[in-house]
Amino acid sequence: MFALMQSAHVESLHLSVDPLTGLKAVIAIHSSRLGPALGGCRYLAYPNDESAVNDAIRLAQDMSYKAALAGLAVGGAKAVIMRAAHVESRAALFEAFGRCVEQLDGRYITAIDSGTSTADMDCIAQSTRHVTSTTAAGDPSPHTAMGVFAGIRSTASSRLGSDNLEGLRVAVQGLGKVGYALAEQLHAAGAELLVCDTDPGKVRLAMDQLGAHPVACEALLSTPCDILAPCGLGGVLNWHSVAQLRCSAVAGCANNQLTNLQVADQLERRGILYAPDYVINSGGLIYMALTHQGATPEAINEQLLRISQRLTGIYAHAQAEKRSPARVSDELAQRLLYP
(Lines give C-alpha, C1' and ligand atoms only; values in the text may rest on other atoms or scores of the structure.)
Protein backbone atom coordinates (compact mmCIF):
# COMPACT_ATOMS: atom_id res chain seq x y z
CA MET A 1 0.00 0.00 0.00
CA PHE A 2 2.82 2.44 0.84
CA ALA A 3 4.55 1.64 -2.45
CA LEU A 4 1.31 2.39 -4.28
CA MET A 5 0.95 5.70 -2.43
CA GLN A 6 4.53 6.70 -3.18
CA SER A 7 4.28 5.84 -6.87
CA ALA A 8 1.17 8.05 -7.17
CA HIS A 9 2.59 10.80 -4.88
CA VAL A 10 -0.39 10.42 -2.53
CA GLU A 11 -0.06 12.48 0.66
CA SER A 12 -2.34 10.46 2.90
CA LEU A 13 -4.79 7.59 2.90
CA HIS A 14 -7.65 7.37 5.40
CA LEU A 15 -9.64 4.19 6.05
CA SER A 16 -12.87 4.44 8.07
CA VAL A 17 -15.42 1.94 9.32
CA ASP A 18 -18.67 2.39 11.22
CA PRO A 19 -20.20 -0.92 12.37
CA LEU A 20 -23.56 0.66 13.19
CA THR A 21 -24.21 1.81 9.61
CA GLY A 22 -21.97 -0.65 7.74
CA LEU A 23 -19.75 2.16 6.46
CA LYS A 24 -16.44 1.11 4.88
CA ALA A 25 -14.80 4.16 3.30
CA VAL A 26 -11.48 5.16 1.79
CA ILE A 27 -10.36 8.79 1.45
CA ALA A 28 -7.21 9.38 -0.62
CA ILE A 29 -5.70 12.86 -0.44
CA HIS A 30 -3.29 13.19 -3.32
CA SER A 31 -2.11 16.78 -2.96
CA SER A 32 -2.92 19.82 -0.86
CA ARG A 33 -0.11 21.95 -2.30
CA LEU A 34 -2.50 24.30 -4.11
CA GLY A 35 -5.26 24.29 -1.48
CA PRO A 36 -7.63 22.00 0.44
CA ALA A 37 -8.15 18.72 -1.39
CA LEU A 38 -11.48 18.50 -3.23
CA GLY A 39 -12.89 15.36 -4.80
CA GLY A 40 -16.07 13.36 -5.17
CA CYS A 41 -17.31 10.44 -3.11
CA ARG A 42 -18.12 7.25 -5.04
CA TYR A 43 -20.64 4.75 -3.73
CA LEU A 44 -20.03 1.55 -5.65
CA ALA A 45 -19.66 -2.18 -5.11
CA TYR A 46 -16.03 -3.31 -5.17
CA PRO A 47 -14.83 -6.92 -5.43
CA ASN A 48 -12.36 -6.41 -2.58
CA ASP A 49 -10.70 -3.81 -0.34
CA GLU A 50 -7.64 -3.54 -2.57
CA SER A 51 -9.65 -2.51 -5.62
CA ALA A 52 -11.41 0.20 -3.59
CA VAL A 53 -8.08 1.61 -2.37
CA ASN A 54 -6.61 1.48 -5.89
CA ASP A 55 -9.62 3.30 -7.32
CA ALA A 56 -9.42 6.05 -4.70
CA ILE A 57 -5.69 6.60 -5.22
CA ARG A 58 -5.86 6.62 -9.02
CA LEU A 59 -8.81 9.01 -9.07
CA ALA A 60 -7.27 11.30 -6.44
CA GLN A 61 -4.21 11.79 -8.63
CA ASP A 62 -6.40 12.72 -11.57
CA MET A 63 -8.25 15.26 -9.41
CA SER A 64 -4.95 16.95 -8.50
CA TYR A 65 -3.94 17.13 -12.16
CA LYS A 66 -7.40 18.38 -13.09
CA ALA A 67 -7.38 21.14 -10.47
CA ALA A 68 -3.81 22.21 -11.26
CA LEU A 69 -4.39 22.60 -15.01
CA ALA A 70 -7.71 24.35 -14.39
CA GLY A 71 -5.91 26.95 -12.28
CA LEU A 72 -7.99 26.23 -9.19
CA ALA A 73 -6.84 26.93 -5.63
CA VAL A 74 -7.67 23.39 -4.50
CA GLY A 75 -5.84 20.10 -4.28
CA GLY A 76 -7.00 16.68 -5.37
CA ALA A 77 -8.64 13.85 -3.45
CA LYS A 78 -11.19 11.09 -3.89
CA ALA A 79 -13.35 9.04 -1.55
CA VAL A 80 -14.98 5.69 -2.16
CA ILE A 81 -17.61 4.04 0.00
CA MET A 82 -17.83 0.29 -0.55
CA ARG A 83 -21.46 -0.47 -1.34
CA ALA A 84 -22.87 -3.48 0.50
CA ALA A 85 -25.68 -5.70 -0.76
CA HIS A 86 -27.96 -4.40 1.99
CA VAL A 87 -27.85 -1.17 3.98
CA GLU A 88 -30.25 -0.47 6.80
CA SER A 89 -30.27 3.32 6.31
CA ARG A 90 -28.57 5.12 3.43
CA ALA A 91 -29.04 8.46 5.19
CA ALA A 92 -27.32 7.20 8.34
CA LEU A 93 -24.48 5.76 6.25
CA PHE A 94 -23.74 9.11 4.62
CA GLU A 95 -24.09 10.99 7.89
CA ALA A 96 -21.44 8.63 9.29
CA PHE A 97 -19.23 9.37 6.30
CA GLY A 98 -19.73 13.07 6.99
CA ARG A 99 -18.28 12.53 10.45
CA CYS A 100 -15.21 10.97 8.84
CA VAL A 101 -14.83 14.03 6.62
CA GLU A 102 -15.24 16.34 9.61
CA GLN A 103 -12.38 14.60 11.42
CA LEU A 104 -10.04 15.76 8.64
CA ASP A 105 -10.78 19.37 9.66
CA GLY A 106 -11.08 20.86 6.19
CA ARG A 107 -8.16 19.04 4.57
CA TYR A 108 -10.73 17.25 2.38
CA ILE A 109 -13.91 18.62 0.79
CA THR A 110 -16.26 15.94 -0.51
CA ALA A 111 -18.73 16.09 -3.39
CA ILE A 112 -21.05 14.08 -5.63
CA ASP A 113 -19.63 11.28 -7.82
CA SER A 114 -20.63 7.93 -9.33
CA GLY A 115 -23.35 6.33 -7.24
CA THR A 116 -24.03 9.39 -5.07
CA SER A 117 -26.56 12.19 -5.30
CA THR A 118 -27.25 15.69 -4.02
CA ALA A 119 -29.53 14.07 -1.41
CA ASP A 120 -26.54 12.04 -0.16
CA MET A 121 -24.50 15.25 0.06
CA ASP A 122 -27.31 16.79 2.12
CA CYS A 123 -26.94 13.88 4.57
CA ILE A 124 -23.18 14.41 4.73
CA ALA A 125 -23.82 18.11 5.40
CA GLN A 126 -25.58 17.13 8.63
CA SER A 127 -22.14 16.18 9.99
CA THR A 128 -19.71 18.55 8.25
CA ARG A 129 -19.55 21.82 6.35
CA HIS A 130 -16.74 20.46 4.16
CA VAL A 131 -19.08 19.30 1.40
CA THR A 132 -20.34 20.71 -1.88
CA SER A 133 -22.85 19.70 -4.61
CA THR A 134 -25.62 19.61 -2.02
CA THR A 135 -29.19 20.42 -3.09
CA ALA A 136 -28.48 24.09 -2.35
CA ALA A 137 -25.14 24.12 -4.19
CA GLY A 138 -26.48 22.19 -7.21
CA ASP A 139 -25.52 19.14 -9.24
CA PRO A 140 -22.23 19.70 -11.14
CA SER A 141 -23.15 17.22 -13.91
CA PRO A 142 -24.54 19.81 -16.38
CA HIS A 143 -21.35 21.85 -16.00
CA THR A 144 -19.19 18.80 -16.66
CA ALA A 145 -21.20 18.18 -19.82
CA MET A 146 -20.89 21.84 -20.85
CA GLY A 147 -17.12 21.67 -20.55
CA VAL A 148 -16.90 18.37 -22.44
CA PHE A 149 -19.04 19.79 -25.23
CA ALA A 150 -16.72 22.79 -25.52
CA GLY A 151 -13.77 20.40 -25.52
CA ILE A 152 -15.29 18.29 -28.28
CA ARG A 153 -15.61 21.37 -30.43
CA SER A 154 -11.94 22.27 -29.94
CA THR A 155 -11.01 18.62 -30.58
CA ALA A 156 -13.00 18.63 -33.83
CA SER A 157 -11.28 21.85 -34.84
CA SER A 158 -7.81 20.46 -34.14
CA ARG A 159 -8.38 17.06 -35.75
CA LEU A 160 -10.98 17.74 -38.46
CA GLY A 161 -10.35 21.40 -39.26
CA SER A 162 -13.63 22.88 -37.99
CA ASP A 163 -15.51 23.18 -34.72
CA ASN A 164 -18.83 22.87 -36.56
CA LEU A 165 -20.36 19.63 -35.29
CA GLU A 166 -23.28 19.52 -37.72
CA GLY A 167 -23.34 16.15 -39.45
CA LEU A 168 -20.46 14.69 -37.44
CA ARG A 169 -20.97 11.17 -36.10
CA VAL A 170 -20.35 11.13 -32.37
CA ALA A 171 -20.51 7.83 -30.47
CA VAL A 172 -21.54 8.37 -26.84
CA GLN A 173 -20.69 5.43 -24.60
CA GLY A 174 -22.80 5.74 -21.45
CA LEU A 175 -25.92 7.84 -20.91
CA GLY A 176 -25.68 8.75 -17.24
CA LYS A 177 -26.25 12.27 -15.97
CA VAL A 178 -23.26 13.74 -17.78
CA GLY A 179 -23.43 11.49 -20.84
CA TYR A 180 -27.08 12.27 -21.52
CA ALA A 181 -26.60 16.02 -20.95
CA LEU A 182 -23.69 15.92 -23.40
CA ALA A 183 -25.81 14.01 -25.94
CA GLU A 184 -28.46 16.72 -25.69
CA GLN A 185 -25.92 19.43 -26.49
CA LEU A 186 -24.44 17.42 -29.36
CA HIS A 187 -27.93 16.89 -30.79
CA ALA A 188 -28.67 20.61 -30.57
CA ALA A 189 -25.43 21.27 -32.50
CA GLY A 190 -26.57 18.96 -35.31
CA ALA A 191 -24.34 15.96 -34.59
CA GLU A 192 -25.46 12.47 -35.54
CA LEU A 193 -25.55 10.39 -32.35
CA LEU A 194 -24.62 6.75 -31.88
CA VAL A 195 -25.35 5.67 -28.31
CA CYS A 196 -25.09 2.72 -25.98
CA ASP A 197 -25.85 2.10 -22.32
CA THR A 198 -26.42 -0.92 -20.13
CA ASP A 199 -29.86 0.56 -19.30
CA PRO A 200 -32.16 0.01 -22.33
CA GLY A 201 -34.52 2.72 -21.02
CA LYS A 202 -31.87 5.41 -21.40
CA VAL A 203 -31.13 4.28 -24.93
CA ARG A 204 -34.82 4.41 -25.84
CA LEU A 205 -35.08 7.91 -24.36
CA ALA A 206 -32.13 9.07 -26.47
CA MET A 207 -33.73 7.53 -29.55
CA ASP A 208 -37.06 9.24 -28.89
CA GLN A 209 -35.78 12.64 -27.78
CA LEU A 210 -32.51 13.01 -29.71
CA GLY A 211 -32.96 10.80 -32.76
CA ALA A 212 -29.99 8.72 -31.62
CA HIS A 213 -29.02 5.44 -33.28
CA PRO A 214 -28.65 2.56 -30.81
CA VAL A 215 -25.52 0.40 -30.95
CA ALA A 216 -24.76 -2.67 -28.85
CA CYS A 217 -22.28 -1.84 -26.09
CA GLU A 218 -19.85 -4.49 -27.28
CA ALA A 219 -19.93 -3.09 -30.83
CA LEU A 220 -19.72 0.66 -30.20
CA LEU A 221 -15.93 0.93 -30.08
CA SER A 222 -15.53 -0.70 -33.49
CA THR A 223 -18.34 1.32 -35.10
CA PRO A 224 -17.13 3.99 -37.58
CA CYS A 225 -17.56 7.52 -36.24
CA ASP A 226 -15.79 10.88 -36.18
CA ILE A 227 -15.50 11.23 -32.42
CA LEU A 228 -15.81 8.63 -29.66
CA ALA A 229 -17.05 10.04 -26.35
CA PRO A 230 -16.50 7.59 -23.45
CA CYS A 231 -18.94 8.65 -20.73
CA GLY A 232 -19.12 5.62 -18.45
CA LEU A 233 -16.64 4.24 -15.94
CA GLY A 234 -12.89 4.21 -16.59
CA GLY A 235 -10.49 1.79 -18.24
CA VAL A 236 -12.27 1.66 -21.58
CA LEU A 237 -9.11 2.34 -23.58
CA ASN A 238 -6.66 -0.55 -23.53
CA TRP A 239 -4.43 -2.29 -26.10
CA HIS A 240 -7.27 -4.44 -27.37
CA SER A 241 -10.00 -1.78 -27.55
CA VAL A 242 -7.79 0.87 -29.18
CA ALA A 243 -6.91 -1.58 -31.95
CA GLN A 244 -10.64 -1.76 -32.76
CA LEU A 245 -11.31 1.99 -32.87
CA ARG A 246 -12.55 3.49 -36.14
CA CYS A 247 -12.67 7.15 -35.17
CA SER A 248 -10.60 10.31 -35.65
CA ALA A 249 -10.63 11.42 -32.01
CA VAL A 250 -11.55 10.34 -28.49
CA ALA A 251 -13.08 13.03 -26.30
CA GLY A 252 -15.44 12.14 -23.47
CA CYS A 253 -16.34 12.74 -19.85
CA ALA A 254 -15.30 9.44 -18.23
CA ASN A 255 -12.44 9.49 -15.71
CA ASN A 256 -9.36 7.29 -16.15
CA GLN A 257 -10.15 6.30 -19.73
CA LEU A 258 -6.61 5.03 -20.35
CA THR A 259 -5.40 1.87 -18.68
CA ASN A 260 -1.85 3.27 -18.97
CA LEU A 261 0.14 5.89 -20.87
CA GLN A 262 1.39 3.33 -23.39
CA VAL A 263 -2.20 3.18 -24.65
CA ALA A 264 -2.04 6.93 -25.26
CA ASP A 265 1.04 6.33 -27.40
CA GLN A 266 -0.87 3.65 -29.30
CA LEU A 267 -3.64 6.16 -30.04
CA GLU A 268 -1.02 8.64 -31.24
CA ARG A 269 0.53 6.07 -33.58
CA ARG A 270 -2.89 5.32 -35.02
CA GLY A 271 -3.51 9.02 -35.70
CA ILE A 272 -6.38 9.23 -33.20
CA LEU A 273 -6.39 12.50 -31.27
CA TYR A 274 -6.95 11.94 -27.54
CA ALA A 275 -8.45 14.60 -25.26
CA PRO A 276 -6.90 14.05 -21.80
CA ASP A 277 -9.89 13.11 -19.67
CA TYR A 278 -9.03 15.20 -16.61
CA VAL A 279 -8.71 18.29 -18.83
CA ILE A 280 -11.88 17.94 -20.89
CA ASN A 281 -14.08 16.81 -17.98
CA SER A 282 -12.91 19.44 -15.49
CA GLY A 283 -16.15 21.46 -15.69
CA GLY A 284 -17.71 19.70 -12.72
CA LEU A 285 -14.68 20.32 -10.51
CA ILE A 286 -14.54 23.95 -11.62
CA TYR A 287 -18.21 24.36 -10.69
CA MET A 288 -17.85 22.60 -7.33
CA ALA A 289 -14.68 24.44 -6.31
CA LEU A 290 -15.85 27.91 -7.31
CA THR A 291 -19.34 27.40 -5.89
CA HIS A 292 -17.82 26.33 -2.57
CA GLN A 293 -15.70 29.49 -2.67
CA GLY A 294 -18.73 31.69 -3.36
CA ALA A 295 -17.91 32.66 -6.96
CA THR A 296 -20.53 34.24 -9.22
CA PRO A 297 -22.17 32.27 -12.07
CA GLU A 298 -20.41 34.59 -14.53
CA ALA A 299 -16.99 33.73 -13.09
CA ILE A 300 -17.81 30.03 -13.23
CA ASN A 301 -18.93 30.20 -16.87
CA GLU A 302 -15.77 32.12 -17.78
CA GLN A 303 -13.67 29.32 -16.30
CA LEU A 304 -15.69 26.66 -18.14
CA LEU A 305 -15.00 28.34 -21.48
CA ARG A 306 -11.26 28.10 -20.82
CA ILE A 307 -11.42 24.30 -21.08
CA SER A 308 -11.55 24.61 -24.86
CA GLN A 309 -8.57 26.99 -24.94
CA ARG A 310 -6.60 24.73 -22.60
CA LEU A 311 -7.14 21.70 -24.83
CA THR A 312 -6.19 23.63 -27.97
CA GLY A 313 -2.91 24.62 -26.31
CA ILE A 314 -2.18 21.03 -25.27
CA TYR A 315 -2.93 19.77 -28.80
CA ALA A 316 -0.58 22.35 -30.33
CA HIS A 317 2.16 21.44 -27.84
CA ALA A 318 1.71 17.72 -28.53
CA GLN A 319 1.72 18.18 -32.30
CA ALA A 320 4.89 20.25 -32.17
CA GLU A 321 6.66 17.55 -30.17
CA LYS A 322 4.96 14.63 -31.95
CA ARG A 323 3.77 13.19 -28.63
CA SER A 324 0.49 12.18 -27.11
CA PRO A 325 -1.59 14.98 -25.53
CA ALA A 326 -1.89 12.69 -22.49
CA ARG A 327 1.87 12.83 -21.87
CA VAL A 328 1.96 16.59 -22.44
CA SER A 329 -0.88 17.28 -19.99
CA ASP A 330 0.65 14.99 -17.35
CA GLU A 331 3.95 16.85 -17.54
CA LEU A 332 2.27 20.25 -17.36
CA ALA A 333 0.36 19.21 -14.24
CA GLN A 334 3.42 17.64 -12.63
CA ARG A 335 5.40 20.87 -13.04
CA LEU A 336 2.73 22.67 -11.04
CA LEU A 337 2.43 19.99 -8.36
CA TYR A 338 6.02 18.79 -7.97
CA PRO A 339 8.27 21.82 -8.66
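What you see is a predicted model; the values in this text were computed from it and never measured.

**Q** Now, about the sheet that holds strand β10 (residues 249-250): what can you tell me, with residues and values included?
**A** Pairing is parallel in the open sheet, where 6 strands are placed in the order β8-β7-β6-β9-β10-β11. Each of the sheet's edge strands pairs with one partner strand only, and the pair in question is β8 (213-214) and β11 (273-274). Sheet topology note: the strand β9 (residues 227-230)/β10 ladder contains 2 bridges and is parallel. Within β10, the residue paired with L228 across the bridge is V250.

**Q** Help me get a handle on unusual backbone geometry, residues and values and all.
**A** Positive phi, normally seen in glycine, also occurs at S133, with a value near 55°. Counting through the fold element by element, S133 comes out in the loop between α4 (118-124) and α5 (141-160). A positive phi angle is found at N256, which is not glycine, with a value near 50°. Owing to a relative accessible area of 9%, N256 belongs among the buried residues under this scheme.

**Q** With reference to specific residues and values, describe the packing of aromatic side chains.
**A** Per the stated rule, a full pass over the model turns up 2 aromatic pairs. When the centroid spacing of 5.3 Å and the interplanar angle of 80° are considered together, the rings of Y43 and F94 count as edge-to-face. Taken together, the positions of Y43 in strand β3 (residues 37-44) and F94 in helix α3 (residues 90-103) put the pair 51 residues apart, joining distant regions of the chain. Relative accessible area serves as the criterion here: at 3%, Y43 is assigned to the buried category. When the ring of Y65 is compared with that of Y278, the centres are 5.5 Å apart and the planes differ by 70°; the resulting orientation is edge-to-face.

**Q** Which residues make up the pairing of strand β5 (residues 108-111), and what values do they have?
**A** Of the two faces of β5, the one carrying Y108 and T110 and the one carrying I109 and A111 are both buried. In the sheet, β3 pairs with β5 via 4 bridges, with the strands oriented parallel. Along β5, the bridge assignment pairs A37 with Y108.

**Q** Can you lay out the nonpolar core for me, pointing to particular residues and giving the numbers?
**A** Formed by 44 residues in total, the largest nonpolar core has its most connected members in I152, V172, L175, L182, L186, L193 and V195. A total of 6 residues in this core trace back to one element, the largest contributor, which is helix α6 (residues 177-188). Residue contacts for L193: discarding those within four places in its chain leaves V170, V172, A183, L186, H187, L210, A212 and H213. Among the nonpolar cores identified, the runner-up in size contains 23 residues, and A77, A79, I81 and C100 belong to it.

**Q** Give a description of the pattern of salt bridges that names residues and reports values.
**A** Throughout the structure, instances matching the rule amount to 14 salt bridges. Among the ionic pairs, D120 bridges to R90, the shortest N-O distance being 2.6 Å. In this pair, D120 sits in helix α4 while R90 sits in helix α3, placing the two residues 30 residues apart along the sequence. For R306, the salt bridge is made with E302, and the minimal N-O distance between the two is 2.8 Å. Of this pair, R306 and E302 both sit in helix α12 (residues 297-321), 4 residues apart, which is roughly one turn of that helix. Sharing partners across several salt bridges, the network here consists of R42, D55, R58, K78 and D113.

**Q** Hey, could you go over the side chain of T144 for me, with residue numbers and the actual values?
**A** With respect to the helices and strands, T144 occurs in helix α5. Once you skip the residues sitting within four places of it in the chain, T144 turns out to touch V178, C253, N281, G283 and G284.

**Q** Give me α6: which residues, what numbers.
**A** Between its terminal C-alpha atoms α6 stretches 17 Å, which fits the 16 Å expected from 12 residues at 1.5 Å a residue. V178, G179, Y180, A181, L182, A183 and L186 are the residues of α6 that are buried. Packed against the buried residues of α6 are α5, β6 (169-173), β7 (192-196), α7 (200-210) and β9. Count one or two residues on from α6 and you reach G190, which has phi positive near 90°.

**Q** Quick rundown of α12? Include the residues and the values.
**A** Each full turn of the α-helix corresponds to 3.6 residues, which orients residues three or four apart in the same direction. Here α12 is 25 residues long and its end C-alpha atoms lie 37 Å apart, about the 36 Å a rise of 1.5 Å per residue gives. Residues of α12 that are buried make contact with α2 (49-69), α5, β11, α10 (277-280), α11 (283-292) and α13 (325-337). Two residues or fewer past α12, K322 is found with a positive phi of approximately 55°.

**Q** Give me the lowdown on the pairing of β3, citing residues and values where you can.
**A** Among the 8 residues in β3, 7 count as buried, and that is most of the element. When β3 meets strand β4 (residues 75-82), the two strands line up parallel, connected through 6 bridges. Note on β4: the bridge partner recorded for C41 is A79. In the classification by handedness, the crossover that spans β3, the intervening α2 and the parallel β4 is right-handed.

Thresholds, definitions, all that
Residues numbered from 1 in each chain as written. Predicted model: local features only at pLDDT ≥ 70, side-chain atom pairs only at ≥ 80, totals over all residues. Heavy atoms only, no water. Pairing = 2+ DSSP bridges. Helix = DSSP H or I, 4+ residues; strand = E, 2+ residues; numbered from the N terminus. Buried < 20%, exposed > 50% of the residue type's maximum accessible area, 1.4 Å probe, protein only. Phe/Tyr/Trp six-rings, centres within 6.5 Å; stacked < 30°, edge-to-face > 60°. Core = buried A, V, L, I, M, F, W, Y, C linked by side-chain atoms within 4.5 Å. Contact = heavy atoms within 4.5 Å. Salt bridge = Lys/Arg side-chain N within 4 Å of Asp/Glu carboxyl O. Expected span 1.5 Å × (residues − 1). Right-handed = clockwise from strand over helix to strand, strands pointing away.

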